Amino acid sequence: MSVPRFWRSLGSRYNLEGTHCTECGEYYYPPRDTCVNCRRLGKIESYKFKGTGEIITYTIIHTAAEGFEEQTPYALAIIKLDEGPSLTAQIVGNPKEVYIGMRVKPVFRKLGEDGERGMIYYGTKFVPAEA
Amino acid sequence: MRDVAIIGVKNTKYGELWNRSLRQLVVEAGIGAIEDAGVSGKDIDALYVGNMSGGRFIEQEHIGALIADYSGLSKNLHVPATRVEAACASGGLALRQGIMNVASGYGDIVVAAGAEKMTDICSSEASSALAAAADREWEGMAGATFPGLYAMIATLHMHKYGTTSEQLAEVAVKNHRNGAHNPIAQYKNQITVEQVLNSVMVADPLHIFDCSPITDGASALVLVPAEEAHKYTDTPIYIRATAQASDTIALHDRRDITTLDATVVAGKRAYEMAKMGPEDIDLVEVHDCFTIAELCAIEDLGFAEKGKGGIVTAEGETAIGGRIPVNTSGGLKACGHPVGATGIKQAVEIVTQLRGEAGGRQVDGAECGMTHNVGGSGATAAVHILSRDR
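Residues numbered from 1 in each chain as written. Chains lettered and ligands numbered in written order. Predicted model: local features only at pLDDT ≥ 70, side-chain atom pairs only at ≥ 80, totals over all residues.

## A short note on the overall build of chain A
At step 1: Looking only at helices and strands, chain A features two helices and eight strands.
At step 2: Put simply, chain A runs from its N terminus to its C terminus through helices and strands in the order α-α-β-β-β-β-β-β-β-β.
At step 3: Dimensions of chain A, computed from C-alpha atoms along their principal axes, come out at roughly 45 × 35 × 25 Å.
At step 4: Put simply, of all contacts in chain A between residues at least 6 apart along the chain, 46% involve residues at least 24 apart. (Helix = DSSP H or I, 4+ residues; strand = E, 2+ residues; numbered from the N terminus. Contact = placed C-beta atoms within 7 Å.)

Take a look at the structure:
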């Protein structure tokens with residue numbers, strides 16, 4: 001991924017910053033500037049998510065995408081944040097211990113890299129949230 | 001709006017065609033289709049071509065112009081040529097653009113084609129190009145692959161409805177059985193459930209044999225106004241419905257992960273346009289980019305109750321000779337999936353079946369068929385209904 005494209009969303013990637021429509025109450029992560037329900041009549045403000053949520057489905061990736069080859073096998077999940085929206089992220093730890101309904105919380109981790117000498121991307125992954 | 005008919009069709013061979021270029025493939029398909037239709041190049045009013053990623057696969061954009069040129073339609077005839085892109089649904093949308101051109105009265109003879117040349121780059125680069133059909137910033141950057149996204153659909157489908165890996169494997173087994181009777185198919189070998197389950201795991205629970213392959217190939221067809229169709233052929237196939245719908249680009253934003261709402265809505269629009277229901281369809285070509293995708297498709301199009309796709313498949317209802325034959329061509333799994341061509345190939349298969357020319361895979365007495373083409377993990381869906389009756 002190009003550096004500017006990644007740089008533009010650093011805040012969202014590192015801090016789970018999304019948006020919130022004060023008109024209808026919907027939360028957005030990844031952030032959206034236009035509310036899906038109210039469209040141009042929506043009132044969008046930024047919102048920092050608590051980060052806790054629940055796994056609604058997952059897979060264990062054995063054949064990785066470019067830049068993720070070193071990490072296989074890794075668990076990838078769709079996580080529903082407590083405020084409502086869902087996102088796609090990796091689950092750190094033993095992929096075999098991941099299950100639907102698992103409570104998770106965010107951690108700061110390396111996401112991937114552009115080859116051996118390229119840029120390293122950092123962002124949010126998730127870990128089990130149990131006490 | 002005018003009714004529209006298909007009067008000519010052609011597929012190239014589908015497979016790893018290392019000695020053929022994109023332009024060679026699409027010219028073979030295009031000329032084959034106009035020969036089948038009995039029309040001349042100088043009569044063509046417009047050309048549409050579905051192509052997902054010429055830029056990534058062969059470092060060539062401006063595919064419409066390239067194809068018109070090498071089809072002999074540019075230098076003297078200056079036929080307008082338009083590339084259509086909607087990831088793996090590019091072909092289905094090219095067909096729809098062609099239909100709308102003829103229906104509106106702009107053109108009287110229009111070619112709709114699709115082509116992709118995928119084997120000039122290594123498979124990891126091809127996978128990366130295909131992953132661009134999902135949300136690059138918010139799915140790809142998290143480490144998602146295309147099989148990974150469909151695997152997450154499969155995991156939840158299994159959890160909610162009790163679908164099994166064996167039932168998923170049955171989709172691949174059936175589609176290979178059908179492909180064995182299709183001369184253009186990439187794979188003509190039969191496989192067993194055990195072979196699927198023992199094949200390499202790509203993204204749990206999907207094995208490599210749950211996935212459609214990387215393929216070179218092109219397909220084309222010729223569209224005319226329905227009232228003119230009998231001038232060219234005794235067996236025109238009529239377009240009874242063309243429908244399209246969109247949904248969120250990212251899987252995680254869907255209303256229900258196990259339902260492709262774009263398919264549901266496009267299907268509903270198509271049934272309304274044709275004044276038909278699922279019970280009126282004799283066979284369907286669905287977008288089985290992964291085995292789970294075929295189960296979702298038959299459920300979302302109304303051929304199986306939600307969650308019962310696996311059971312219906314395991315009981316043979318979607319086999320040739322069953323209640324609703326699905327993917328007689330071999331589907332994306334066995335016939336191959338040159339992404340931009342697939343939506344056109346599906347229509348070519350239905351036309352071949354409705355003409356009664358499908359040989360060993362013929363569905364007896366087929367009068368009406370459907371095509372279902374998906375882009376990405378379900379952000380675009382195109383559904384067409386074709387019939388022998390106007």
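Picking up after the structure, the text goes on.
## Here we look at the sheet that holds strand S3 (residues 44-48) of chain A
Residue and element names in this part refer to chain A.
At step 1: What the three strands build is an open sheet, ordered S2-S1-S3; its pairing is antiparallel. Only two strands of the sheet have a single partner each, and these edge strands are strand S2 (27-28) and S3.
At step 2: In terms of strand pairing, strand S1 (residues 17-21) meets S3 through five bridges, oriented antiparallel. Bridging across to S3, Glu-17 finds its partner in Lys-48. (Pairing = 2+ DSSP bridges.)

## A closer look at the domain arrangement of chain B
Residues and elements named next belong to chain B.
At step 1: Split into domains, chain B comes out as domain 1 (4-122 + 215-237) and domain 2 (134-212 + 238-387).
At step 2: The straight-line distance from the C-alpha centre of domain 1 to that of domain 2 is 23 Å.
At step 3: In this complex, domain 1 contributes 40 residues to the contact, which on the side of domain 2 involves 35 residues.
At step 4: Secondary-structure elements contributing two or more residues to the side of domain 1 that touches domain 2 are strand S1 (4-11), helix H4 (90-104), strand S4 (110-116) and strand S7 (217-225).
At step 5: By residue class, the composition of the side of domain 1 that touches domain 2 is 24 nonpolar, twelve polar and four charged. (Domains from an automatic or database assignment. Nonpolar A, V, L, I, M, F, W, Y, C, P; charged D, E, K, R; others polar.)

## Quick notes on the sheet that holds S4(B)
Sheet strands associate in pairs through backbone hydrogen bonding, adopting either a parallel or an antiparallel arrangement.
Residue and element names in this part refer to chain B.
At step 1: In space, the nine strands of this open sheet follow the order S3-S2-S4-S7-S1-S8-S11-S10-S9, with mixed pairing throughout. Strands at the two margins of the open sheet, each flanked by one partner only, are strand S3 (81-84) and strand S9 (283-285). For this sheet the average axis-to-axis angle between neighbouring strands, irrespective of direction, equals 25°.
At step 2: Relative to strand S11 (residues 380-387), strand S8 (residues 237-246) runs antiparallel, the two sharing eight bridges. What sits directly across from Thr-242, in S11, is His-384.
At step 3: Strands strand S2 (46-50) and S3 of the sheet are contacted by helix H3 (residues 63-70), whose axis makes an angle of about 135° with S3.
At step 4: Sitting on the sheet, helix H13 (residues 342-354) is in contact with S1, S2, S4, S7, S8, S9, strand S10 (368-375) and S11, with an inclination near 170° to S10. (Axes fitted to C-alpha atoms, helices over the stretch in contact; angles between N-to-C directions.)

## A closer look at the nonpolar core
All names here are of chain B.
At step 1: In terms of nonpolar packing, the biggest core is built from 165 residues, with Leu-47, Val-49, Ala-113, Leu-221 and Val-222 touching the most fellow members.
At step 2: Looking at which element gives the most residues to this core, the answer is helix H6 (residues 146-161), with nine residues.
At step 3: Summarising the domain contributions, this core has at least three residues from each of domain 1 (4-122 + 215-237) and domain 2 (134-212 + 238-387).
At step 4: Ignoring sequence-local partners within four residues, the contact set of Val-222 consists of Ile-6, Ile-7, Gly-8, Ala-33, Ile-34, Ala-37, Val-39, Ile-109 and Val-111. (Core = buried A, V, L, I, M, F, W, Y, C linked by C-beta atoms within 7 Å. Buried ≥ 20, exposed ≤ 12 C-beta atoms within 10 Å, placed from the backbone.)

## Structural notes on H4(B)
Residues and elements named next belong to chain B.
At step 1: For H4, which comprises 15 residues, the first-to-last C-alpha distance of 21 Å matches the rise-based estimate of 21 Å (1.5 Å per residue) to within 8%.
At step 2: Among the 15 residues in H4, eleven count as buried, and that is most of the element.
At step 3: Just downstream of H4 lies Gly-105, where phi reads positive at about 95°. (Expected span 1.5 Å × (residues − 1).)

## Describing the interface of chain A and chain B
At step 1: Taken together, the contact between chain A and chain B spans 28 residues of the former and 28 residues of the latter.
At step 2: Of all the elements in the fold, those that place two or more residues in the side of chain A that touches chain B are strand S4 (53-61), strand S5 (74-81), strand S6 (86-91) and strand S7 (103-113) of chain A.
At step 3: Examined bridge by bridge, S4(A) and strand S5 (residues 201-204) of chain B share two bridges and lie antiparallel to one another. Its bridge partner lying in S5(B), A:Ile61 is registered against B:Ala203.

## Things to note about helix H7 (residues 165-179) of chain B
Residue and element names in this part refer to chain B.
At step 1: Taking 1.5 Å as the rise per residue, H7 with 15 residues should run 21 Å; its terminal C-alpha atoms sit 21 Å apart, in good agreement.
At step 2: The set of residues buried in H7 consists of Gln-167, Leu-168, Ala-169, Glu-170, Val-171, Ala-172, Val-173, Lys-174, Asn-175, His-176, Asn-178 and Gly-179.
At step 3: Where H7 is buried, its residues meet H6, helix H8 (193-198), helix H10 (291-300), helix H11 (309-314) and helix H12 (331-335).

## Concerning the environment of B:Glu139
At step 1: Along the chain, the position of B:Glu139 falls in the loop between helix H5 (123-131) and H6.
At step 2: The class for B:Glu139 is buried, based on 28 C-beta atoms found within 10 Å.
At step 3: With 87 residues separating them in the primary sequence, B:Glu139 and B:Met52 have C-alpha atoms 19 Å apart.
At step 4: The residues touching B:Glu139, leaving out its near neighbours within four places in the chain, are A:Thr88, B:Ala134, B:Ala144, B:Leu149, B:Ala250 and B:Leu251.

## Focus on unusual backbone geometry
At step 1: Going from A:Tyr29 to A:Pro30, the amide bond is cis rather than trans, its omega being -5°.
At step 2: Note on placement: A:Pro30 falls in the loop between S2 and S3.
At step 3: The phi dihedral of B:Glu59 is positive, around 55°, even though this residue is not glycine.
At step 4: Mapping B:Glu59 onto the fold places it in the loop between helix H2 (54-57) and H3.
At step 5: On the basis of neighbour count, B:Glu59 is assigned to the exposed category, with 9 C-beta atoms found within 10 Å.

## Focus: the packing of H7(B) against H10(B)
Residue and element names in this part refer to chain B.
At step 1: With their axes 8 Å apart at the nearest point, H7 and H10 run at an angle of 95° to one another. By the angle between their axes, H7 is roughly perpendicular relative to H10. Facing H7, whose interface residues are Leu-168, Ala-169, Val-171 and Ala-172, H10 presents Thr-291, Ile-292, Glu-294 and Leu-295.
At step 2: Looking at side-chain class alone, the contact of H7 with H10 contains six nonpolar, one polar and one charged residues. (Parallel < 35°, antiparallel > 145°, perpendicular 65-115°, else oblique.)

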